[in-house]
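Results of the structural survey
Now for the letters of each chain:
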Amino acid sequence: MPVTNDQSGLHYKTRLFTVLTILTNVAGNSALTKGMQQIGDPGSTPAALIGALFHPWVALGVALLIVWTLTHMALLSWADLSYVLPVTAFAYVLTELSGKFLLGEFISTQRWFGVLLITAGVFLVGRTPPSSVDAGTTPS
Amino acid sequence: MKWILVFTVICATTVGDVCRSLGMRQHGEMHEFSPGAIGQAFAAVARNWLVIVSTCAMAVSFFSFMKLVAIAPMSFAVPMSAATFVPETLLARFLLKEKVDWRRWMGVGLILVGVYFISQ
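Let me begin by describing the structure that accompanies this report. (Residues numbered from 1 in each chain as written. Chains lettered and ligands numbered in written order. Predicted model: local features only at pLDDT ≥ 70, side-chain atom pairs only at ≥ 80, totals over all residues. Heavy atoms only, no water.)

**Let's talk about the overall build of chain B**
Rules: Starting at the N terminus, helices and strands are each numbered in turn, a helix being any DSSP run of H or I of at least four residues and a strand any DSSP run of E of at least two. Remark: exposure states derive from per-residue accessible area (1.4 Å probe, protein chains only) relative to the maximum for the residue type, with buried under 20%, exposed over 50%, and partly exposed in between. Between two residues, a contact is recorded if the distance between any of their heavy atoms is within 4.5 Å. Per-residue and other accessible areas were derived by the Shrake-Rupley procedure at a 1.4 Å probe size, with only the shown protein chains allowed to occlude residues. By the counting rule applied here, Lys and Arg register as positive and Asp and Glu as negative, while His and the ends of each chain are not counted. Every charge is mapped onto a representative atom, which is NZ of Lys, CZ of Arg, CG of Asp or CD of Glu.
The helix and strand inventory of chain B stands at 6 helices and 0 strands. N-terminal to C-terminal, the α/β element order of chain B is α-α-α-α-α-α. In chain B, which comprises 120 residues, the share counted as buried stands at 48%. Considering only intrachain contacts with a sequence separation of at least 6, the fraction spanning at least 24 residues in chain B is 76%. Approximately 5,900 Å² of chain B is accessible, and the part contributed by carbon and sulfur atoms is 74%. Each charge sign in chain B was given a centre, from 10 positive and 6 negative side chains, and these centres are 8 Å apart.

Laid out in structure tokens, this is it:
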């Protein structure tokens, strides 16, 4: 499944991997948190921590966070860190919205204001070109 | 203790992200996304010392953050961990030589203030 290297291809690829990075991050952290809440304190021995990995929600969370790591690495193979870091901060917004619409949590006016500011920041950075340096080079 | 953990999270995340960016830039842009190509690419980067350092730093960051949220409220831990945006953007500008224009700085500023508000 080759992806073209022209500007539109780069933008399409960047948007796709940005969305994948955000979704796997939010879903992975949510699954991990749900699993750890169900388990309670597993203790700090290596056996207890390894045992916690076999809980279905924890296993799903870890699997999603592995996918997050891989998509984040792929994104950084062509996009700037100063681009990837702010645009993937949309995960904060998605976490708030999923709390509101999936769990029915209350979001105060102050928190809605925070959501608005983060969205504006992500939009502003999203308007910049994803890459300002050539991939395959190291800074001198 | 909590400030030691905040410092550890910020340093480890910054080292992790900067090393990951450097390592992946050395590897070059990924073009092929078939399962075989993805496997080959990650087998190659798994031998890159910058990516190895990055993965270790991210593990330190993850466990330090888990410990931080166990002893401090999320309203403290989340904005403190978001402070990594500042050193990472500075390093992206001066170490990675990225072009960080006013929109990126302004975006980082808006996000930091936004994270502060949603954590209250």
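The structure having been displayed, the exposition proceeds.
**What about the interface of chain A and chain B?**
Much of the literature gives interface size as the accessible area that the parts lose upon coming together. Put simply, the test is: A 1.4 Å probe defines the accessible area here, and the buried area is the portion of it lost by two parts on being joined, summed over both. One speaks of a salt bridge when a side-chain nitrogen belonging to Lys or Arg is within 4 Å of a carboxyl oxygen belonging to Asp or Glu. Two N or O atoms form a polar contact when they lie within 3.5 Å of each other; inside protein one atom must be a possible hydrogen donor and the other a possible acceptor, and for residues adjacent in sequence the pair counts only when both atoms belong to side chains. Three classes are used, and their members are as follows: Ala, Val, Leu, Ile, Met, Phe, Trp, Tyr, Cys and Pro are nonpolar, Asp, Glu, Lys and Arg are charged, and the others, Gly among them, are polar.
Counting residues at the interface gives 51 residues for chain A and 46 residues for chain B. Taken together, the two surfaces of chain A and chain B that pack against each other cover about 4,200 Å², and 70% of this comes from carbon and sulfur. For the interface between chain A and chain B, the tally reads 2 salt bridges. Residue Glu-29 of chain B is joined to Lys-13 of chain A by a salt bridge in which the shortest nitrogen-to-oxygen separation is 2.6 Å. Our enumeration of links across chain A and chain B arrives at 12 residue pairs in polar contact (both at pLDDT 80 or more). Partitioning the side of chain A that touches chain B into residue classes produces 31 nonpolar, 14 polar and 6 charged.

**Section: the state of the cysteines**
All names here are of chain B. Our working rule: For the purposes of this analysis, a disulfide is any pair of cysteine sulfur atoms at a distance within 2.5 Å.
Evaluated as defined, the whole model comprises 0 disulfides over all chains. Not part of a disulfide, Cys-11 finds its nearest cysteine sulfur in Cys-19, a span of 12 Å. Residue classification places Cys-11 among the partly exposed residues on the basis of a relative accessible area of 33%. Owing to a relative accessible area of 12%, Cys-19 belongs among the buried residues under this scheme.

**Regarding the packing of aromatic side chains**
What counts here: Pairs were defined over the aromatic rings of Phe, Tyr and Trp, the Trp ring being its six-membered one, requiring ring centres within 6.5 Å. Orientation was assigned from the angle between planes: stacked under 30 degrees, edge-to-face over 60, tilted for the rest.
Per the counting criterion, the structure on display carries 5 aromatic pairs over all chains. With a centroid separation of 5.3 Å and 85° between ring planes, the pair formed by Trp-3 of chain B and Phe-76 of chain B is classed as edge-to-face. Of this pair, Trp-3 of chain B sits in helix α1 (residues 2–27) while Phe-76 of chain B sits in helix α4 (residues 74–82), and the two are 73 residues apart along the sequence. For Trp-3 of chain B, a relative accessible area of 53% translates into the label exposed. For Phe-76 of chain B, a relative accessible area of 15% puts it in the buried group. Aromatic pair Phe-62 of chain B and Phe-63 of chain B: ring centres 5.2 Å apart, planes at 80°, arrangement edge-to-face. Judged by relative accessible area, which is 56%, Phe-63 of chain B ranks as exposed. Members of the aromatic cluster, joined through ring pairs, are Phe-113 of chain A together with Tyr-116 and Phe-117 of chain B.

**Considerations on the nonpolar core**
We count it as follows: Only buried residues count toward a nonpolar core. Its members are Ala, Val, Leu, Ile, Met, Phe, Trp, Tyr and Cys residues joined through side-chain atoms within 4.5 Å.
Core analysis: the biggest nonpolar cluster contains 39 residues, and Trp-78 and Ile-118 of chain A together with Met-24, Met-30 and Ile-111 of chain B have the highest contact counts within it. Take this core: its biggest share by element is 5 residues, from helix α4 (residues 81–87) of chain A. Leave out the neighbours within four places in its chain, and Met-30 of chain B touches Lys-13, Ala-74, Ser-77 and Trp-78 of chain A together with Met-24, Ala-41 and Phe-42 of chain B. In this structure, Leu-5, Ala-72, Phe-76 and Ala-77 of chain B belong to the second largest nonpolar core, which totals 7 residues.

**Side note on the packing of α4 of chain B against helix α6 (residues 102–118) of chain B**
All names here are of chain B. Convention followed: Axis angles are defined between N-to-C directions and span 0 to 180 degrees, where every axis is a line fitted to C-alpha atoms and, for a helix, only to the segment in contact. With respect to orientation, any angle under 35 degrees is reported as roughly parallel, any angle over 145 as roughly antiparallel, any angle of 65 to 115 as roughly perpendicular, and every other angle as oblique.
Remark: α4 packs on α6, axes separated minimally by 9 Å, with the N-to-C direction vectors making an angle of 170°. Considered as vectors, α4 and α6 are oriented roughly antiparallel to each other. In this structure, α4 contributes Val-78, Pro-79 and Ala-82 to the contact, and α6 contributes Leu-112, Val-115 and Tyr-116. The residue inventory of the contact of α4 with α6, partitioned by class, reads 6 nonpolar, no polar and no charged.

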